[in-house]
Amino acid sequence: MIVARGVAELRRARAEIEGESVAFVPTMGFLHAGHLSLVRAAVDRADHVIVSIFVNPLQFGSGEDLARYPRDEESDIEKLRAEGVHTAFLPTVPALYPPGFATRVQVRGPLAERLCGAARPGHFDGVATVVTRLLGLVRPRIAVFGEKDYQQLLIVRRLSEDLSLGVEIVGAPIVREPDGLAMSSRNRYLSESERADALALQRALRSGREAIERGGRSAATAVENMSRVLSEPATVKSDYVELLHEPDLTPFDDDPIRGRVLLAVAAHVGETRLIDNCVVNIPPDGGQ
Ligand code: AMP
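Residues numbered from 1 in each chain as written. Predicted model: local features only at pLDDT ≥ 70, side-chain atom pairs only at ≥ 80, totals over all residues. Heavy atoms only, no water.

Caption draft 1: Structural context of the environment of Ile50. Position of Ile50 relative to the elements: it lies in strand 3 (residues 48–53). By relative accessible area, Ile50 is classed as buried at 0%. Sequence separation between Ile50 and Ala23 is 27 residues, and the spatial gap between their C-alpha atoms is 6.4 Å. Apart from residues lying up to four places away in sequence, Ile50 is in contact with Leu10, Arg14, Ile17, Val22, Ala23, Phe24, Val25, Thr87 and Val138. (Helix = DSSP H or I, 4+ residues; strand = E, 2+ residues; numbered from the N terminus. Buried < 20%, exposed > 50% of the residue type's maximum accessible area, 1.4 Å probe, protein only. Contact = heavy atoms within 4.5 Å.)

As structure tokens, then:
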């Protein structure tokens, strides 16, 4: 496996596999089984896989956890080697954003307005900018993103299509701990009691799913129930609870809950911000 830290090294590694199919998995490192499931999906779909590890300062707001974001480069590199990755790309900040770098990519409209778009202003501009830069450097045929960050997946799919990047964006299912907590590099911040309280995100999604599958509930009632379940533990402060049309992320307002529905939650558990979601498909007759 080639470990590239600069753009020139990445270009040399990429040149070795010119003409063959390349799949790309961007990450911020501190790799867990969720990331590795993306790498495996990539391995299954292409001749070669390139994985990036880059904690992107552009997507962190002031007061967020950029400085303390967990890192373990050595162990990450070993995990990627074991998966048969062709190149691990671990650029420095000036390698990706050299002096004079002045471009920002912004996806507008309903896809970016709600959920983390509203809760973390500027976050998706940072994501869209780094992903566009990385896709330009890596030139993959496909790129794999986790459904864990569902809104991010939809935004990246939109930008790839809008900018004719020619990259197929593949979504991979959420990988969870045995008790249901979605795997996240940020889970390592949680104390033992916070770790237990974090299961409220999963419980809130389950209660929302059950309510809308039973039918006869408005989106507002389902959201109210979910918010109550989410905020039960004292350490959990809800950030958002939403129920939106998937894939366009428009609200239900007074519409009957039908079709594909994204249930999304975000909360601070102590100091740690966690997100989770699920997609439910309600048949046209509401399953009645
Ligand atoms: P991150 O390192 O958190 O930026 O995540 C890198 C990629 O891994 C993103 O596409 C995430 O959606 C994906 N990912 C993170 N956690 C999970 C998980 N538990 N299951 C599936 N994909 C995940």
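Having put the structure on the table, let's press on.
Caption draft 2: Structural context of the site of the ligand. By nearness alone, 17 residues border the ligand, and His35, Gly146, Asp149, Val175 and Met183 come closest of all. His35 places a side-chain nitrogen or oxygen 2.9 Å from an oxygen atom of the ligand. Here an oxygen atom of the ligand and a backbone polar atom of Gly146 are 2.8 Å apart. Calculation on the ligand without its partners gives an accessible area of 480 Å², and the protein chains cover 93% of this total. (Near = heavy atom within 4 Å. Polar contact = N/O pair within 3.5 Å; in protein donor to acceptor, adjacent residues only side chain to side chain. Areas by Shrake-Rupley, 256 points an atom, 1.4 Å probe, with all protein chains shown as cover.)

Caption draft 3: Representation of the domain arrangement of the protein chain. On domain assignment, one finds that the protein chain holds domain 1 (2–172) and domain 2 (185–279). Centre-to-centre separation of domain 1 and domain 2, based on C-alpha positions: 26 Å. Counting residues at the interface gives 22 residues for domain 1, matched by 22 residues for domain 2. Regarding the contact of domain 1 and domain 2, the summed buried area is about 2000 Å², with carbon and sulfur atoms giving 56% of it. The largest contributions to the domain 1 side of the interface with domain 2 come from Arg114, Leu115 and Tyr150, which together make up 33% of the buried area. Between the two partners, domain 1 and domain 2, sit 2 salt bridges. Counting the contacts that link domain 1 with domain 2 gives 10 residue pairs in polar contact (both at pLDDT 80 or more). (Domains from an automatic or database assignment. Buried area = accessible area lost by both parts, 1.4 Å probe. Salt bridge = Lys/Arg side-chain N within 4 Å of Asp/Glu carboxyl O.)

Caption draft 4: Representation of helix 1 (residues 7–16) in the model. For helix 1, the complete set of buried residues consists of Val7, Leu10, Ala13 and Arg14. End-on view of helix 1: buried residues confined to an arc of 120 degrees, all on one side of the axis. In helix 1, the exposed positions that point more than 90 degrees away from the buried face belong to Arg12 and Glu16. On its buried face, helix 1 sits against strand 1 (2–4), strand 2 (22–27), strand 3, strand 4 (87–89), helix 4 (93–96) and helix 7 (123–138). (Arc of directions from axis to C-beta.)

Caption draft 5: Representation of the sheet that holds strand 7 (residues 236–245) in the model. Here 3 strands make up an open sheet; going across it, the order is 7-8-9 and the pairing antiparallel. On the outer flanks of this sheet lie strand 7 and strand 9 (272–282), each paired with one strand and no other. In this sheet, neighbouring strand axes are inclined to one another by 15 degrees on average, regardless of whether the strands run parallel or antiparallel. Packed onto the sheet, helix 11 (residues 219–230) meets strand 7 and strand 8 (259–269) and runs at close to 155 degrees relative to strand 7. (Pairing = 2+ DSSP bridges. Axes fitted to C-alpha atoms, helices over the stretch in contact; angles between N-to-C directions.)

Caption draft 6: Fine view of the pattern of salt bridges. Scanning the model with the defined rule gives 15 salt bridges in all. Glu64 is paired through a salt bridge with Arg120; the nearest N and O atoms lie 2.6 Å apart. Placement of the pair is Glu64 in the loop between strand 3 and helix 3 (73–82) and Arg120 in the loop between helix 6 (116–119) and helix 7, with a sequence separation of 56 residues. Look at Arg120 and you get buried, because its relative accessible area is 10%. Close ionic contact of Glu242 with Arg114 constitutes a salt bridge, the shortest N to O distance being 3.0 Å. Here the residue Glu242 occupies a position in strand 7, and Arg114 occupies one in the loop between helix 5 (110–113) and helix 6, the gap between them amounting to 128 residues. A relative accessible area of 15% means that Glu242 is categorised as buried. Arg114 sits in the partly exposed class, given a relative accessible area of 30%.

Caption draft 7: Quick peek at the state of the cysteines. Summed over all chains, the structure comprises 0 disulfides. Free cysteine Cys116: the closest other cysteine sulfur is in Cys278, separated by 15 Å. Residue Cys116 is classed as buried on the basis of its relative accessible area of 6%. (Disulfide = S-S within 2.5 Å.)

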